[in-house]
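Each chain, written out:
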Amino acid sequence: MTVEVKIGITDSPRELSIQSALTSDEAYAAVEAALNGKQSLLSLTDDKGARYLIPVTKIAYVEVGSTENRRVGFGAV
């Protein structure tokens, strides 16, 4: 299962998109803790093991997607 986290960075026209192995609730809790002033950096790890540190002061918005299972094949859904 993966969840997509999109982060808008101030003064940047692009957003950072991370596929994380966290659940949607875990990702939301990590973002909420960082934005509530408990941390100065938002720390996330993607599903391939790459780690990201984003300064909280540079975050414009965060979109946490729903957790979804990976689909394999071409079958009808």
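So, here is what we can say about the structure in this document. (Residues numbered from 1 in each chain as written. Predicted model: local features only at pLDDT ≥ 70, side-chain atom pairs only at ≥ 80, totals over all residues. Heavy atoms only, no water.)

Focus on the environment of aspartate 47
1) Next: Looking at where aspartate 47 falls in the secondary structure, it is placed in the loop between strand E3 (41-45) and strand E4 (51-55).
2) Next: Spatially, the C-alpha atom of aspartate 47 lies 9.4 Å from that of methionine 1, the residues being 46 residues apart in sequence. (Helix = DSSP H or I, 4+ residues; strand = E, 2+ residues; numbered from the N terminus.)

Concerning the sheet that holds strand E1 (residues 3-9)
1) Next: Read across the sheet, three strands follow the order E2-E1-E5 without closing on themselves; strand pairing throughout is antiparallel. This sheet does not close on itself; its edge strands, each paired only once, are strand E2 (15-20) and strand E5 (59-64). Averaged over all neighbouring strand pairs, the angle between strand axes comes to 15 degrees, with direction disregarded.
2) Next: Here E1 pairs with E2 via six bridges, running antiparallel. Along E2, the bridge assignment pairs isoleucine 7 with leucine 16.
3) Next: Where helix H1 (residues 24-38) meets the sheet, it contacts E1 and E5, and its direction lies at approximately 160 degrees from that of E5. (Pairing = 2+ DSSP bridges. Axes fitted to C-alpha atoms, helices over the stretch in contact; angles between N-to-C directions. Contact = heavy atoms within 4.5 Å.)

Here we look at the side chain of aspartate 46
1) Next: Tracing the backbone through its elements, the reader meets aspartate 46 in the loop between E3 and E4.
2) Next: Here aspartate 46 sits buried without a salt bridge, and the closest side chain of opposite charge, lysine 48, lies 6.5 Å off (N-O distance).
3) Next: Reaching out from aspartate 46, the side chain makes a polar contact with the backbone nitrogen of glycine 49 at a distance of 2.9 Å.
4) Next: Look past the residues within four positions of aspartate 46 in its chain and what remains in contact with it is Ile18, Gln19, Ser20 and Tyr52. (Buried < 20%, exposed > 50% of the residue type's maximum accessible area, 1.4 Å probe, protein only. Lys, Arg positive; Asp, Glu negative; His and termini not counted. Salt bridge = Lys/Arg side-chain N within 4 Å of Asp/Glu carboxyl O. Polar contact = N/O pair within 3.5 Å; in protein donor to acceptor, adjacent residues only side chain to side chain.)

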